[in-house]
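Residue-level structural notes
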Amino acid sequence: MSHNVISDLEVFEEKFPLAPKSGERRIALEGYFKIGGVVKVFSSEKAWPKLMYPNTFVLDRKLKELKQKKDLYSKNLSGWTKKYKQAERYHKSNQIKKLKEPLYWKHMAKMTTDKEYRRDVETVSLPVHLVADDKWKPMIKMFVTDLDYRKQLTETVKESIVYKKDKRVAKYADELKDFRMNTSGKQMKSLEKKLAKINEIEVALKELHKWAKE
């Protein structure tokens, strides 16, 4: 018997032509070589030679390290998925929360009875659906209750270059939501790719583990 140290599938097939060209072990070996793996095998009469390295001890350690990495990526993916869903539901959840806010109903009453108020609301695209959001509630309250503030804000939106292309006073809320969704989405895709790769490697190492035990 002689042993061989091999790091390339083509070399392996050349040295062991009787080894099957398909099947789980063949796929595992190909995947293992792709990530820079090296095998040490002893020639034998069998189709598959005896796998000496990596042995079961080495493979157990590699699988343990892989699981730790997989758990970390899975935890991070869960966190980013939660952030994505929170951003995605931002406007929808506020549409429900607004119904519990007395200020919202005061606004609705003024919309019905005050034409000038209604015009000002339309001019600034008042984000009244965000009335339950602590970041926007003070501004909305001032708009609803303070005539001077309302007129000043309406005039600013009409005349300021800042609002020339977009009259929404709450455009930042939409931009922030989109930014959070984009950021979370990119992180999710990156982690999903990493987890898919880890799963492939894990399958390969488990198959090599079976081989090493023979």
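This text follows the structure it describes.
Note that the structure is a prediction, hence the values are computed from the model and not measured.

**A word on the side chain of Glu 202**
Relative to the elements of secondary structure, Glu 202 occurs in helix α9 (residues 171-213). Under the relative-accessibility criterion, Glu 202 is labelled buried at 15%. Excluding residues within four positions of it along the chain, Glu 202 makes contact with Leu 63, Leu 66 and Lys 70.

**Structural notes on the packing of helix α5 (residues 102-113) against helix α7 (residues 137-145)**
Across the interface, α5 lies against α7 with an axial gap of 10 Å and an inter-helix angle of 35 degrees. Crossing handedness for the pair α5 and α7: left-handed. Between α5 and α7, the contacting residues are Leu 103, Lys 106, His 107 and Lys 110 on the first element and Lys 137, Ile 140, Lys 141, Val 144 and Thr 145 on the second.

**Some words on unusual backbone geometry**
The omega torsion across Tyr 53 and Pro 54 is 0 degrees, close enough to zero to call that bond cis. One can find Pro 54 in the loop between β3 (50-53) and α3 (56-88). Even without being a glycine, Ser 125 presents a positive backbone phi close to 50 degrees. By the secondary structure assignment, Ser 125 is in the loop between α6 (115-124) and α7.

**Comments concerning α5**
Helix length check: α5, at 12 residues, gives a terminal C-alpha distance of 17 Å against a target of 16 Å (1.5 Å per residue), a fit within 8%. All of the buried residues along α5 are Leu 103, Tyr 104 and His 107. Around the axis of α5, the buried residues are gathered within 105 degrees of arc, so they sit on the same side. Away from the buried face of α5 by more than 90 degrees, exposed residues Pro 102, Thr 112 and Thr 113 are located.

Cut-offs used in this document
- Residues numbered from 1 in each chain as written.
- Predicted model: local features only at pLDDT ≥ 70, side-chain atom pairs only at ≥ 80, totals over all residues.
- Heavy atoms only, no water.
- Helix = DSSP H or I, 4+ residues; strand = E, 2+ residues; numbered from the N terminus.
- Buried < 20%, exposed > 50% of the residue type's maximum accessible area, 1.4 Å probe, protein only.
- Contact = heavy atoms within 4.5 Å.
- Axes fitted to C-alpha atoms, helices over the stretch in contact; angles between N-to-C directions.
- Left-handed = near helix turned anticlockwise from the far one by under 90°.
- Expected span 1.5 Å × (residues − 1).
- Arc of directions from axis to C-beta.

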